[in-house]
Amino acid sequence: MNGKAVPRGEGEVSTRTRLERGRGALGPALELVHTGRAPTRAVLTAELGVTRATAGAVAAELEALGLIRIDAKPSAAAGSQGRPSHRLSVVETGPVALAAQVHADGFRAALVGLGGRIVATAPGCEAVGADPAQVLGSVVDAGARLLRETGRRCVGAGLAVPSAVAEPEGTALNPLHLAWPAGSHVREIFADRVREAGIEGPAFAANDVNLAALAEHRHGAGRGARDLLCVATGHRGVGGALVLDGRLHTGSSGLALEVGHLTVNSEGQACYCGGRGCLDVETDPLAFLTEAGRAPGPEGLLVQARALIRDSYGDPSVRSAAEVLIDRLGLGLAGLVNILNPDRIILGGLHRTLLEADPERLRAVVADRSLWGRSGGVPILACTLDYNSLVGAAELAWQPVLDDPLAALG
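Note that the structure is predicted; figures quoted are calculated from it, not measured.

Conventions adopted
- Residues numbered from 1 in each chain as written.
- Predicted model: local features only at pLDDT ≥ 70, side-chain atom pairs only at ≥ 80, totals over all residues.
- Heavy atoms only, no water.
- Domains from an automatic or database assignment.
- Contact = heavy atoms within 4.5 Å.
- Buried area = accessible area lost by both parts, 1.4 Å probe.
- Salt bridge = Lys/Arg side-chain N within 4 Å of Asp/Glu carboxyl O.
- Polar contact = N/O pair within 3.5 Å; in protein donor to acceptor, adjacent residues only side chain to side chain.
- Helix = DSSP H or I, 4+ residues; strand = E, 2+ residues; numbered from the N terminus.
- Buried < 20%, exposed > 50% of the residue type's maximum accessible area, 1.4 Å probe, protein only.
- 1 Å grid on protein atoms, 1.4 Å probe; cavity = no way out; pocket = protein on both sides within 12 Å on 5 of 7 lines; lining within 4 Å.
- Points joined across faces, edges and corners; volume = space filled by probe spheres on them.
- Nonpolar A, V, L, I, M, F, W, Y, C, P; charged D, E, K, R; others polar.
- Pairing = 2+ DSSP bridges.
- Axes fitted to C-alpha atoms, helices over the stretch in contact; angles between N-to-C directions.
- Parallel < 35°, antiparallel > 145°, perpendicular 65-115°, else oblique.
- Core = buried A, V, L, I, M, F, W, Y, C linked by side-chain atoms within 4.5 Å.

Colleague: Which parts of the structure should I look at to understand the domain arrangement of the protein chain?
Modeller: In many reports, interface size means the accessible area that the parts give up when they come together. The assigned domain composition of the protein chain is domain 1 (18–74 + 84–90), domain 2 (96–210 + 388–409) and domain 3 (223–382). A straight line from the C-alpha centre of domain 2 to that of domain 3 covers 25 Å. With 13 residues of domain 2 at the interface, the matching set in domain 3 holds 18 residues. Regarding the contact of domain 2 and domain 3, the summed buried area is about 1,300 Å², with carbon and sulfur atoms giving 60% of it. Our count for the contact surface shared by domain 2 and domain 3 stands at zero salt bridges. Here domain 2 is connected to domain 3 by two residue pairs in polar contact (both at pLDDT 80 or more).

Right, dumping it as structure tokens:
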């Protein structure tokens, strides 16, 4: 017999070591497929820095868990040479996360699968009451109905709220536009309602703009950015979020990037925080409608403001109001650029509509107010995901699965 004999047990140890190494790569591998960064097994092998055999075993185990699909016989692209690599994709009929969002004009529940794909949604109510327990009970009930109708397995639940959420308590510190008591224990209430509905998995809660940024970074306009700044105005108020080196920056207690309280108009409106001329009250939908001389209608502030810009931008009062808000928004963004030096800015809600209406004006204001020409040239893009806060809420629930698929689903 040629070669050195392998002592009894040594081969078993080597096999076990390879198996443990492969299982340790399950989470990173799933995240790569989940975010679209590993469309093939060859890319997965390179990204993980493992052997082809290990990557194949990892992909096979994720497939056995019902999370991804392996196409072993993909058709070759025109002009390509050699055998194409196995294609990897998420299972469209696999587990889902329950996502919930509450805002000033209503709430919405959704089921979101891997890849950030919304499987089903339930329309929300027209008004949100002052009792968080009642509201969150209603949105969880809507989500539970979706789960019954689809028959999907649920990995957990996530909630997006228009408030800073303090950590580790999970309390909404300033749900001003909801009329909820300051310091409401939204995560605890939400988790209780989820358990009462018989929904399995952990429950989470976070600020809606933070979650929008997380979703856009993984699946939308922020993909590939290292330091991503997101600023958005939804139904009321303005929020901001920062992703640093691929991770959401929330500060020491979850309260970072309260950009809504940057002063952009020293002679402006009184803000709920006690200041004056804050971004929060100078660039949200209500501010735009007021500047344009329009009274709020029944369809919701954000819907009304967006429609006015898109359908009536030729009206001098509408254009003038948009330019005023663009200048104020640009001033706030320039201040953030000077402090944070992001490599990309994405805008959501009404800010996205303002960018689309006059991108050159907004970019010129930011560049003019930035200290360095290079910083002033940071790309400013529109968010691309529908319901990005809902998708981000689902990301919270998916995270334990991405961290350790076997522990979460095994």
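Colleague: Before we go on, may I ask you to explain the pattern of salt bridges in this structure?
Modeller: Overall, the coordinates contain 16 salt bridges when judged by the stated rule. A salt bridge links R361 to D327; the nearest nitrogen and oxygen atoms lie 2.9 Å apart. Placement of R361 in helix α13 (residues 359–369) and of D327 in helix α11 (residues 316–340) is noted, with a sequence separation of 34 residues between them. On the basis of relative accessible area, D327 is assigned to the partly exposed category, the value being 29%. Via salt bridges that share partners, R226, D227 and D245 belong to a single interconnected network.

Colleague: Whenever I open this one, the layout of surface pockets confuses me. Can you help?
Modeller: Here the idea is plain: a probe the size of a water molecule rolls over the atoms and shows the empty space left. When its volume is computed, the second largest pocket comes out at roughly 700 Å³. Broken down by secondary-structure element, the contributors of at least two residues to the lining of the second largest pocket are β9 (203–207), α7 (208–219), β12 (247–249) and α15 (388–403). Class assignment of the residues belonging to the lining of the second largest pocket gives a composition of eight nonpolar, nine polar and ten charged.

Colleague: In this structure, what is going on with the pairing of strand β6 (residues 154–161)? I would like to understand it.
Modeller: Across a regular strand the side chains alternate sides, sitting on one face of the sheet and then on the other. In terms of residue burial, β6 counts as a mostly covered element, since eight of its eight residues are buried. Inspection of the sheet shows strand β3 (residues 96–103) paired to β6 by five bridges, in the parallel sense. Bridge pairing links A100 to L159 in β6. Sheet topology note: the β6/β9 ladder contains five bridges and is parallel. When the bridges of β9 are listed, A160 appears paired with A206.

Colleague: Can you help me understand the packing of helix α12 (residues 350–357) against α13 in this one?
Modeller: Any two packed helices are characterised by how steeply their axes cross, that is the angle between the axes, and by the distance between the axes. Across the interface, α12 lies against α13 with an axial gap of 5 Å and an inter-helix angle of 105 degrees. Here α13 runs roughly perpendicular to α12, going by the angle between their axes. Facing L355, E356 and A357 of α12, the residues of α13 in contact are P359, L362 and R363. Here the residues of the contact of α12 with α13 sort into four nonpolar, no polar and two charged.

Colleague: Just checking my understanding: could you explain the nonpolar core for this structure?
Modeller: It is characteristic of soluble globular proteins that their nonpolar side chains tend to be buried jointly. With 37 residues, the main nonpolar core has V231, F288, L333, I345, L347, L350 and L362 as its most contacted residues. Sorting the residues of this core by element identifies β10 (227–233), α9 (285–291), α10 (301–312), α11, β13 (344–349), α12, α13 and β14 (380–382) as the ones contributing at least two each. Of the residues forming this core, the biggest block, nine residues, is contributed by α11. Every residue in contact with L333, bar those within four places of it in the chain, is listed here: V231, I345, L347, L362 and V366. If you look at the next biggest cluster of nonpolar residues, it comprises 35 residues, including A120, A122, W180 and A191.

Colleague: Got a minute to help me understand the environment of L136 in this structure?
Modeller: By the element assignment, L136 lies in helix α5 (residues 132–150). Here L136 is in contact with V102, L159, W180, V186, I189, F190 and R193, once residues within four sequence places are set aside.

Colleague: Any chance you could explain the side chain of S389 here in plain terms?
Modeller: With respect to the secondary-structure elements, S389 resides in helix α15. A polar contact is formed between the side chain of S389 and the backbone oxygen of D208, at a distance of 2.9 Å. Those residues within four positions of S389 in sequence are excluded, and the remaining contacts are Q101, A160, D208, L211 and A212.

Colleague: So what exactly am I meant to see when it comes to the sheet that holds β9 here?
Modeller: Sheets are built from strands paired through backbone hydrogen bonds, the pairs being either parallel or antiparallel. Strand order in this open sheet of five strands is β5-β4-β3-β6-β9, and the pairing throughout is mixed. Each edge of the sheet is formed by a strand with only one pairing partner; in this case those strands are β5 (118–122) and β9. The average undirected angle you get between the axes of adjacent strands in this sheet is 20 degrees. By the bridge criterion, four bridges tie strand β4 (residues 106–112) to β5 in an arrangement that is antiparallel. Paired with A109 across the two strands is A122, which belongs to β5. Taken strand by strand, α5 contacts β3, β4, β5 and β6, and its axis lies near 30 degrees from that of β4. Packed onto the sheet, helix α6 (residues 186–196) meets β3, β6 and β9 and runs at close to 145 degrees relative to β9.

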